[in-house]
Amino acid sequence: MSDNQSALPTETPIVIPDVAPAIRFQDFGLAPEILKALNDQGYVHPTPIQAEAIPVVLKGMDVMGAAQTGTGKTAGFSLPIIQLLMAHANSSASPARHPVRALILTPTRELADQVAANVKAYSRHTPLRSLVVFGGMDMTPQTAALRGGVEIVIATPGRLLDHVQQKTINLSQTQILVMDEADRMLDMGFLPDLQRIINLLPKQRQNLMFSATFSPEIKKLAATFLKDPVTIEVARSNATAENVTQIIYKVEEEAKRDAVSFIIRERGLKQVIVFSNTKIGASRLARQLESEGVKASAIHGDKSQSERMQALEQFKNGTIEVLVATDVAARGLDIAELPCVINFDLPYNAEDYVHRIGRTGRAGASGDAISLFSDKDARLLVDIEKMIKHKFVPAELIGFTPSSGRTAERSHDRRAHERSPRKDESAPRPSRAPERSPGAASNGSRSAYAAAPRKEKIDPFFTRPYEPAPSTMVSDNKLADQVPAKPQKHKMAALLGGAPKR
DNA sequence: AAAAAAC
C-alpha cells in the first residue's frame, strides 16, 4: 500500500484514499492482444489469485497454487501462459512440426471444456491456437486439429495418452505444464497417467500445479514434479464460502426424492444443482422430477458425452431448471451465481461437501446450501463438521409430507414437530450478505423466491451461516488434530518412490 | 461405500 502511495508524484494535490489503488490487468505488462480480450469481457481488475499468480508465472517460475474454484484461477494461469507463448513466438520449432507448447490437464471432461473456452477467449486476438482433447468424443476431429497445429492443449489424461499412442500429438516441445485440480486427479487415480505424460515432456519446462487443498499427497506430488515452486495460497483452504447459508434437513432415506421435490417447489427454485452420490440415484431423481413437471436433467459418468454437454448447456441457458449431478460436477464448473445447491446425499468425502456448496454463493453473491440428512449418514455429517469446523443442527422439513404409501409410520413425528412451540414466523431468514457486488447478474430465481407467498414454513432451526469464528485459530488446531489422517495411498507412495506401506 | 477417466 505504502509503495503505491510513495509512487505517486509528490505534487499531486489529491487526497490519497485509505485503500491502495486497485491493481489493473494493464499493470502486468500483458500484450495488447490479451488486454483487448480482457476488455472484451469487461475485466479490469484481477482477483487476488490472479494478482499473485500472473507475475510469478510470467517470470517462468513453477507454482504450487492452492485455490478454490471461483477464485479466477483459470485466468490466473492462462493469461501469463498466453503472454509467454506470444513472447517466444517463432523462436523454436519448425512450423511443420506443430509442437504443443503448453499442456493443461484437468480431471473431468467438463472442466477441460470450460478451461478451453476460457483460453480461447483470452487468446482470441492472438495467433495462438488451442484445442480441447477428452474422451467420449470422436478422435478424428481432434486428430485433424492437432495435425493442423495447436500451441495450447487442454486435456483429460486418458484421451491425451490415447493420442500419444496414436502418435497424433507431439509433446516433445511442451514448455509449460498445468495440473489443474491436482488433488482431484490424485483422488481419481490419475497419478500413473500423470507420470507417463510428464515423462514425455522436456525436462526443462515450467510446471504449475493447482489444488484445492494441501494434503500430504499433494505436497509429495509437488515435491516430485515441481522445481522450487512459489506457493500461492488464496483463501483459507477447507473453508466454506462465508456468504453461503448452510441448512441441513433430517429426512428419511426413502423420502429424500420427495423432499427434494418439495424444497424445489416450496422455494420456487428455478436454478439449482442437486448432488447425488450415485449415478443411479441421480437418474432416478431427475426422472421423478421430470414426471412431476420440473425441468430436470441428470449429469453423470454413465451418460454419453453429448448428453452431459447438453444437460450442462441447457442448465446454463435456463432450459433446464434442475441439474441432478454426481460429483462429476462438484468441482470447478463455473455456473454463474447459483442461488441454491441441494445435497440429495451427503458426500462421502467431507472435502467434496465444500466443493459442492462452492457452486453457490460465488463471486460475492449469497446462496443457500441445503443438505438432506438421514440417520445412516451420521458419520458423514461428523466428518463434514470436522472439516468445516461448524456444528450443524439438523432441522425438520416443516410442512413436508412424503407422497406414496410410506408416510404412515412417520406421520406422528411430523405432528410432534408441528406442535412444538415455534411461532417465530417472523424470524428472519438466516442472514446473508446484504448486497451483491455491482455488475453481478441479477438473479431472477431469487427474487421469485422472495416474492412467493411462502407460508413461513421457514425452517426455524436454520443453521447459522457458517462464519469463521473469532476463536477459530484456537479451536482449529484441536479440531484438526481430531480429524483422522487420510489413509496414505499405497499406490501413490510406490509411484513416487516412497516405500509402500504393508 | 462412489465417482471419475481411453478404446
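Looking at an unreviewed UniProt entry, chain A carries the name DEAD-box ATP-dependent RNA helicase RhpA, with the source organism given as Herminiimonas arsenicoxydans. Recorded in UniProt for chain A, the comment headed Sequence similarities (unreviewed entry) runs: "Belongs to the DEAD box helicase family." Under the UniProt heading Catalytic activity (unreviewed entry), the note attached to chain A is "ATP + H2O = ADP + phosphate + H(+)".

Peer 1: Would you take a moment to explain the overall build of chain A for this structure?
Peer 2: Broken down by element type, chain A carries 19 helices and 14 strands. Buried positions account for 50% of the 502 residues belonging to chain A. For chain A, the share of sequence-separated contacts (at least 6 apart) that also reach a separation of at least 24 residues comes to 76%. About 23,600 Å² of surface is accessible on chain A, with carbon and sulfur atoms providing 54% of the total.

Peer 1: It is not clear to me how the sheet that holds strand S9 (residues 272–275) should be interpreted in this structure. Could you clarify?
Peer 2: Strands pair in a sheet through their backbones, by hydrogen bonds, and they do so in one of two ways: parallel or antiparallel. Strand order in this open sheet of seven strands is S10-S11-S9-S12-S13-S8-S14, and the pairing throughout is parallel. Edge positions in the sheet fall to strand S10 (296–299) and strand S14 (395–396), since each of these pairs with one other strand and no more. In the sheet, S10 pairs with strand S11 (residues 322–325) via four bridges, with the strands oriented parallel. The partner of Ile299 across the bridge, within S11, is Ala325. Against the sheet, helix H12 (residues 279–291) contacts S9, S10 and S11, and its axis sits at roughly 170° relative to S10.

Peer 1: Hey, could you run me through the UniProt feature "domain: DEAD-box RNA helicase Q" (unreviewed entry) in chain A in this one?
Peer 2: UniProt's feature table lists "domain: DEAD-box RNA helicase Q" (unreviewed entry) at residues 23–51, given in the numbering used throughout. Taken end to end, residues 23–51 is 45% helix and 0% strand, and its two terminal C-alpha atoms sit 8 Å from one another.

Peer 1: What am I meant to see in the pattern of salt bridges here?
Peer 2: Once the charged atoms of two side chains with opposite charge are near each other, the side chains can pair. Enumeration over the complete set of coordinates arrives at 20 salt bridges. Here Lys73 makes a salt bridge to Glu181, at a shortest N to O gap of 3.4 Å. Pair noted here: Lys73 is in helix H4 (residues 73–87) and Glu181 is in the loop between strand S5 (176–179) and helix H8 (182–187), with a separation of 108 residues, a long-range link. Lys73 gets classed as buried once you look at its relative accessible area, which sits at 8%. Under the relative-accessibility criterion, Glu181 is labelled buried at 2%. Note that Lys376 and Asp377 form a salt bridge whose closest N and O atoms lie 2.9 Å from each other. Members of the salt-bridge network, linked through shared partners, are Lys73, Asp180, Glu181, Asp183, Arg331, Glu351 and Asp352.

Peer 1: What am I meant to see in the side chain of Ser374 here?
Peer 2: Inspection of the secondary structure assignment puts Ser374 in the loop between strand S13 (367–373) and helix H15 (378–388). We classify Ser374 as buried; its relative accessible area is 4%. A polar contact is formed between the side chain of Ser374 and the side chain of Glu253, at a distance of 2.7 Å. Look past the residues within four positions of Ser374 in its chain and what remains in contact with it is Val251, Glu252 and Glu253.

Peer 1: What's the story with the nonpolar core in this structure? I'm lost.
Peer 2: Side chains of nonpolar character tend, in soluble globular proteins, to be buried together. Judged by nonpolar contacts, the single largest core of 38 residues is most densely connected at Ile81 and Ile152. Every element with two or more residues in this core is listed here: helix H2 (32–40), helix H3 (48–58), H4, strand S2 (102–105), helix H5 (109–122), strand S4 (152–155), S5 and strand S6 (206–211). With eight residues, the single largest contributor to this core is H4. If you look at the next biggest cluster of nonpolar residues, it comprises 31 residues, including Ile169, Met179, Leu186 and Leu221.

Peer 1: Help me out: how do you make sense of the protein's contact with DNA strand B in this one?
Peer 2: As a matter of local geometry, DNA strand B sits amid 22 residues, with Thr156, Arg159, Lys279, Gly301 and Arg308 nearest to it. Each atom of DNA strand B within 4 Å of the protein belongs either to a base or to sugar and phosphate, the latter forming 74%. Here a phosphate oxygen of DNA strand B and a backbone polar atom of Gly158 are 3.4 Å apart. In the model, a phosphate oxygen of DNA strand B is placed 2.4 Å from a nitrogen or oxygen of the Arg308 side chain. With four residues, helix H7 (residues 157–165) is the single largest residue contributor to the surface near DNA strand B. In terms of residue class, the surface near DNA strand B is built from five nonpolar, 11 polar and six charged.

Peer 1: Even after reading the chapter, I still don't get the confidence of the model for chain A, so can you show me in this structure?
Peer 2: Should pLDDT be low for a region, the predicted coordinates there are not to be read in detail. Of all residues in chain A, 72% have pLDDT values of 70 or greater, and the mean over the chain is 78. For the stretch residues 1–18, pLDDT sits under 50, and the model shows six contacts to residues farther than four places along the chain or on other chains. Contacts of residues 497–502 to residues separated by more than four positions or lying in other chains number eight contacts, the stretch itself having pLDDT below 50.

Peer 1: Looking at this model, I keep getting lost on helix H10 (residues 216–225). Mind explaining?
Peer 2: For an α-helix the count is 3.6 residues per turn, leaving residues at separations of three or four pointing the same way. By the burial criterion, the buried members of H10 are Glu217, Ile218, Leu221, Ala222 and Phe225. Seen from one end, H10 has its buried residues packed into an arc of 135°, which puts them on one side. Exposed and oriented more than 90 degrees from the buried face of H10 are Pro216, Lys219 and Ala223.

Peer 1: What is the right way to read the packing of helix H6 (residues 139–148) against H7 from this model?
Peer 2: Between two packed helices, what matters for the description is the angle formed by their axes and the separation of those axes. Contact geometry of H6 with H7 gives a least axis separation of 12 Å together with a crossing angle of 65°. The chirality of how H6 crosses H7 is right-handed. Note on element contacts: H7 touches H6 through Arg159, Asp162 and His163, opposite Met139, Gln142, Thr143 and Leu146. Partitioned by chemical class, the residues of the contact of H6 with H7 number two nonpolar, three polar and two charged.

About the criteria used
Residues numbered from 1 in each chain as written. Chains lettered and ligands numbered in written order. Predicted model: local features only at pLDDT ≥ 70, side-chain atom pairs only at ≥ 80, totals over all residues. Heavy atoms only, no water. UniProt positions renumbered as here; feature names shortened; annotations may be inferred. Helix = DSSP H or I, 4+ residues; strand = E, 2+ residues; numbered from the N terminus. Buried < 20%, exposed > 50% of the residue type's maximum accessible area, 1.4 Å probe, protein only. Contact = heavy atoms within 4.5 Å. Areas by Shrake-Rupley, 256 points an atom, 1.4 Å probe, with all protein chains shown as cover. Pairing = 2+ DSSP bridges. Axes fitted to C-alpha atoms, helices over the stretch in contact; angles between N-to-C directions. Salt bridge = Lys/Arg side-chain N within 4 Å of Asp/Glu carboxyl O. Polar contact = N/O pair within 3.5 Å; in protein donor to acceptor, adjacent residues only side chain to side chain. Core = buried A, V, L, I, M, F, W, Y, C linked by side-chain atoms within 4.5 Å. Near = heavy atom within 4 Å. Nonpolar A, V, L, I, M, F, W, Y, C, P; charged D, E, K, R; others polar. pLDDT = per-residue confidence, 0-100. Arc of directions from axis to C-beta. Left-handed = near helix turned anticlockwise from the far one by under 90°.

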